[in-house]
Structure formats: structure tokens, C-alpha cells
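# Remarks on the overall topology
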Amino acid sequence: MDMILARHAETVFNAAAVMQGRMEHSPLTRAGIAQAEAMGAALAASGLAPGRDLWVSPSGRTQQTAAIIGEHLGRNFSEWSLDPRLLEIDVGEWQGRSHADIVAERGAISDPARRLLAVPPPGGEWFPDIARRLEDWLAGLPLRPLLVISHGVTCRVLRGLLAGGEPWHGVRIADDVPQGTILHLRDGGERVLHLGNGAHGMRAA
């Protein structure tokens, strides 16, 4: 597996600490657009992007990030393949609600050290569910170099599957990285190609 994996840039709901989950679209902020521009420039300068198959989550925020990156790479937006298995964790009834309101209603929902949900979202999915859909996606891929744009939690589960991580509710999950970060995963390891300057953790879910 030779995969460049990127976490999408900041959105208006990330900035407001609102849970997005599988929300169809939340636009990038001005800071998010600048992050996506930096991501595209870094990928173009790396020399690693040409010839890769392009995959992106169907969410508007990932597609907007992909469109900006694609311009830097000279790739047409129609070349991106959309797959719902790359969507962010489904936060169910919490979608569209502020993190602060949820915590005020029911107490802490995340682990500050791991920057991950610690309780399953009502009506949503849990980490083994994410791992299963990503394993299904991986199993159908041709052995070709990839460029993939997805989400914070989903990227961490995918990286855990490919490069390892600490166990969390039955799934190996990689460490958190800021929004706008790009990693190169190859031969069971990973390295940072570009470190974003966006938010960490569940604020960005």
C-alpha cells in the first residue's frame, strides 16, 4: 500500500465547535481555504502526487479541500472518486449540535488525552463500525498509489489499520494530527508530508 492521506481543512462548524459527523456540507472558513492552498502547494512540491488514483469522502468539506488541492496538482475535479466509506464518524443525534451543549446535557463525552469520543453517539456508529467499512474499502482497491482526502476520526482509524496505533474500544487508532495535515503511508509505516495548523480532536469531528 502506497497512500497519501490528508485530513480536510477547517470548516465553519469546526470553528464553532459544532459536531458535523456526516453532515452533507459545511463550507471551509477563510483559514480552511488557506490550509487547503498550503496542502496543495506542499503536495505539488513533494513530487509524490503525479499518477495517483484520487479518492475523497463525499462530504462537501472534503470535496472543497480536494478541489483546491487538485488545482495545485493540475488534476481535473472529475478525476476524484467519491466513496461513502470514507465519510466521518456518524455522530447520530449529536450531528449539528455544539460540543458544549452536549457536554452540558450529559457530561463529558470524549477522552482529553486521546482526543477521541469515549461514549457511543446515540443513533450513530462506533469505532469497530468505522474499521469494518474502511477494511471493506481497502479490500476492493487495486494495487496502485493513492491520494485520499477524508476526516479526522476516519483518518485515524484508517492509519491505525495501515500503520498501527494504540487500542481504543477494540480498534487500533493512530495519534491525532491537526486539520490540514498530509501523511504518506507505505509499507506499514507513516511520515508527515505536511503538518497542518488547524484544530485537533473532537472539536473538528
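Provided above is the structure to which this section pertains.
Described in the following lines is the structure provided in the data block.

### So, the packing of aromatic side chains
Inspection of every chain in the model, using the stated rule, returns 2 aromatic pairs. Here the aromatic rings of Trp-55 and Trp-137 are separated by 5.7 Å at their centres, their planes lie at 80 degrees, and the arrangement is edge-to-face. In this pair, Trp-55 sits in strand S2 (residues 53-56) while Trp-137 sits in helix H5 (residues 127-139), placing the two residues 82 residues apart along the sequence. Given the relative accessible area of 16%, Trp-55 is considered buried. For Trp-137, a relative accessible area of 1% gives the class buried.

### Let's talk about the sheet that holds strand S1 (residues 2-7)
As summarised here, the arrangement of the 6 strands in space is S3-S2-S6-S1-S9-S10, forming an open sheet in which the pairing is mixed. Each edge of the sheet is formed by a strand with only one pairing partner; in this case those strands are strand S3 (80-82) and strand S10 (189-194). On average, each strand axis in the sheet is tilted by 25 degrees relative to the strand beside it, whichever way the strands run. Where S2 and S3 come together, 3 bridges link them in parallel fashion. Pairing of Leu-54 across the sheet is with Trp-80, part of S3. Against the sheet, helix H6 (residues 152-163) makes contact with S1, strand S6 (146-150), strand S9 (182-186) and S10, and its axis sits at roughly 155 degrees relative to S1, the strand it touches most.

### Observations concerning the packing of helix H2 (residues 30-46) against helix H3 (residues 60-73)
Relative orientation and spacing of two packed helices are given, respectively, by the angle between their axes and the distance between those axes. Direction vectors running N to C along H2 and H3 enclose 40 degrees, while the axes themselves pass 8 Å from each other. Here H2 and H3 pass one another in a crossing that is right-handed. Each of Ile-33, Ala-36, Glu-37, Met-39, Gly-40, Ala-41, Leu-43 and Ala-44 in H2 lies in contact with H3, whose residues at this interface are Gln-64, Thr-65, Ile-68, Ile-69, His-72 and Leu-73. Class assignment of the residues belonging to the contact of H2 with H3 gives a composition of 9 nonpolar, 4 polar and 1 charged.

### Let's talk about the pattern of salt bridges
Pairing between side chains of opposite charge can happen when the charged atoms of each approach one another. Counted according to the given criterion, the structure contains 14 salt bridges. Across the salt bridge formed by Asp-2 and Arg-52, the nearest N and O atoms sit 3.0 Å from each other. Here the residue Asp-2 occupies a position in strand S1, and Arg-52 occupies one in the loop between H2 and S2, the gap between them amounting to 50 residues. Taking relative accessible area as the criterion, Asp-2 reaches 16% and is therefore assigned buried. Among the charged side chains, a network of salt bridges with common partners joins Asp-2, Arg-52, Arg-186 and Asp-187.

### A look at the nonpolar core
Counting residues in each nonpolar core, the largest one holds 32 residues, and the members touching the most others are Met-3, Leu-117, Phe-127, Trp-137, Val-148 and Val-157. Taken together, the elements giving at least two residues each to this core come down to S1, strand S5 (116-117), H5, S6, H6, strand S8 (171-173) and S9. In terms of residue count, the dominant contributor to this core is H5 (6 residues). Sequence-distant contacts of Phe-127, defined by excluding residues within four places in its chain, comprise Leu-116, Leu-117, Val-153, Val-157, Trp-168, His-169, Val-171 and Ile-173. Among the nonpolar cores identified, the runner-up in size contains 14 residues, and Leu-43, Ala-49, Ala-66 and Trp-80 belong to it.

Thresholds applied
Residues numbered from 1 in each chain as written. Predicted model: local features only at pLDDT ≥ 70, side-chain atom pairs only at ≥ 80, totals over all residues. Heavy atoms only, no water. Phe/Tyr/Trp six-rings, centres within 6.5 Å; stacked < 30°, edge-to-face > 60°. Helix = DSSP H or I, 4+ residues; strand = E, 2+ residues; numbered from the N terminus. Buried < 20%, exposed > 50% of the residue type's maximum accessible area, 1.4 Å probe, protein only. Pairing = 2+ DSSP bridges. Axes fitted to C-alpha atoms, helices over the stretch in contact; angles between N-to-C directions. Contact = heavy atoms within 4.5 Å. Left-handed = near helix turned anticlockwise from the far one by under 90°. Nonpolar A, V, L, I, M, F, W, Y, C, P; charged D, E, K, R; others polar. Salt bridge = Lys/Arg side-chain N within 4 Å of Asp/Glu carboxyl O. Core = buried A, V, L, I, M, F, W, Y, C linked by side-chain atoms within 4.5 Å.

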